[in-house]
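# Examination of the molecular architecture
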Amino acid sequence: MSDNPLTNPNIAHPAIDDASIGLLVRTFYGRAHEDDVIGPVFAAAVADWDDHIAKITDFWSSVMLRTSRYNGRPMRPHLILPLEGRHFDRWLALFEETARELFAQDVAEAFIIRARRIADSFEMAIGTQRGEMRAPRHSVRPL
């Protein structure tokens with residue numbers, strides 16, 4: 001069995017369900033939409049906010065609960081955005097703050113571990129597309 005939570009076939013945490021995922025996604029993306037650093041990126045990229053929230057909720061359900069509800073390609077839309085390290089840093093800081101505010105420590109950490117690995121994956125893929133070699137920065141930090 002892999003220690004990587006993104007390839008572990010089990011659900012992320014027994015206390016996580018669709019309601020908790022929905023709460024986190026709605027709360028976090030409501031804040032992200034208004035954020036000075038990442039808000040403008042969302043404003044330029046997201047035409048239908050309700051549709052985006054539904055897709056992201058399905059994505060997190062697939063990640064956390066292994067529901068397979070999300071069948072998109074999450075990397076693709078991010079590759080065309082003008083994302084920099086500061087965007088990933090802010091996204092994670094806001095995500096972690098929201099998760100820790102909403103949930104008990106162990107539940108928040110289950111979300112945070114996955115968010116950090118996803119951020120590293122996206123950031124490294126964007127770097128590769130731009131001809132840059134990037135190492136993981138987020139998943140290697142202590143919780």
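Residues numbered from 1 in each chain as written. Predicted model: local features only at pLDDT ≥ 70, side-chain atom pairs only at ≥ 80, totals over all residues. Heavy atoms only, no water.

We now examine the overall build of the protein. Looking only at helices and strands, the protein features 6 helices and 0 strands. Secondary structure of the protein in N-to-C order comes out as α-α-α-α-α-α. By the compact-globule yardstick of 15 Å for 143 residues, the protein fits well, its C-alpha radius of gyration being 15 Å. The 143 residues of the protein split such that 42% are buried. Of the contacts formed within the protein by residues at least 6 apart in sequence, a portion of 70% connects residues at least 24 apart. If you sum the accessible surface of the protein, you get close to 7,900 Å²; carbon and sulfur atoms cover 54% of it. Charged side chains of the protein number 17 positive and 20 negative; the gap between the two group centres comes to 5 Å. (Helix = DSSP H or I, 4+ residues; strand = E, 2+ residues; numbered from the N terminus. Rg over C-alpha atoms; globule rule 2.2 N^0.38 Å. Buried < 20%, exposed > 50% of the residue type's maximum accessible area, 1.4 Å probe, protein only. Contact = heavy atoms within 4.5 Å. Areas by Shrake-Rupley, 256 points an atom, 1.4 Å probe, with all protein chains shown as cover. Lys, Arg positive; Asp, Glu negative; His and termini not counted. Charge placed at Lys NZ, Arg CZ, Asp CG, Glu CD.)

What follows is about the pattern of salt bridges. By the definition in use, this model includes 10 salt bridges. For the salt bridge of Arg86 with Glu84, the shortest nitrogen-to-oxygen distance reads 3.3 Å. When salt bridges that share partners are traced, they join Asp18, Asp58 and Arg69 into one network. (Salt bridge = Lys/Arg side-chain N within 4 Å of Asp/Glu carboxyl O.)

With that out of the way, let us pick up the packing of aromatic side chains. This structure, assessed with the given rule, holds 11 aromatic pairs. Look at Phe28 and Tyr29: their rings are 4.6 Å apart centre to centre, the planes differ by 80 degrees, and that puts the pair in the edge-to-face class. When sorted by exposure, Phe28 lands in the same class as Tyr29, which is buried. Summarising the aromatic geometry, the rings of Phe28 and Trp91 are spaced 5.7 Å apart at their centres and angled 85 degrees between planes, so their arrangement reads as edge-to-face. You can see Phe28 sitting in helix H1 (residues 18-34) and its partner Trp91 sitting in helix H5 (residues 85-102), a full 63 residues away along the chain. An aromatic cluster of three or more residues is present, and its members are Phe28, Tyr29, Phe42, Trp49, Phe59, Trp60, Tyr70, Trp91, Phe95, Phe103 and Phe111. (Phe/Tyr/Trp six-rings, centres within 6.5 Å; stacked < 30°, edge-to-face > 60°.)

In this structure, Arg66 takes a positive phi of about 60 degrees despite not being glycine. Note that Arg66 resides in the loop between helix H3 (49-65) and helix H4 (75-79). Using a relative accessible area of 26% as the deciding quantity, one classes Arg66 as partly exposed. Backbone geometry places Ser68, a non-glycine residue, at a positive phi of 60 degrees.

This part is about helix H6 (residues 105-129). For H6, which comprises 25 residues, the first-to-last C-alpha distance of 36 Å matches the rise-based estimate of 36 Å (1.5 Å per residue) to within 8%. Gly131 lies just past H6 and shows a positive phi near 80 degrees. (Expected span 1.5 Å × (residues − 1).)

Turning our attention to H1. Along its 17 residues, H1 runs 24 Å from first to last C-alpha, staying within 8% of the 24 Å computed at 1.5 Å per residue. Within H1, burial applies to Ser20, Ile21, Gly22, Leu24, Val25, Thr27, Phe28, Tyr29 and Ala32. Among the structural elements, helix H2 (39-45), H3, H5 and H6 are those in contact with the buried residues of H1. Of the residues flanking the start of H1, the one acting as N-cap is Asp17, its side-chain oxygen 3.2 Å from the backbone nitrogen of Ala19. (Polar contact = N/O pair within 3.5 Å; in protein donor to acceptor, adjacent residues only side chain to side chain.)

Shape descriptors only; they carry no functional weight alone.
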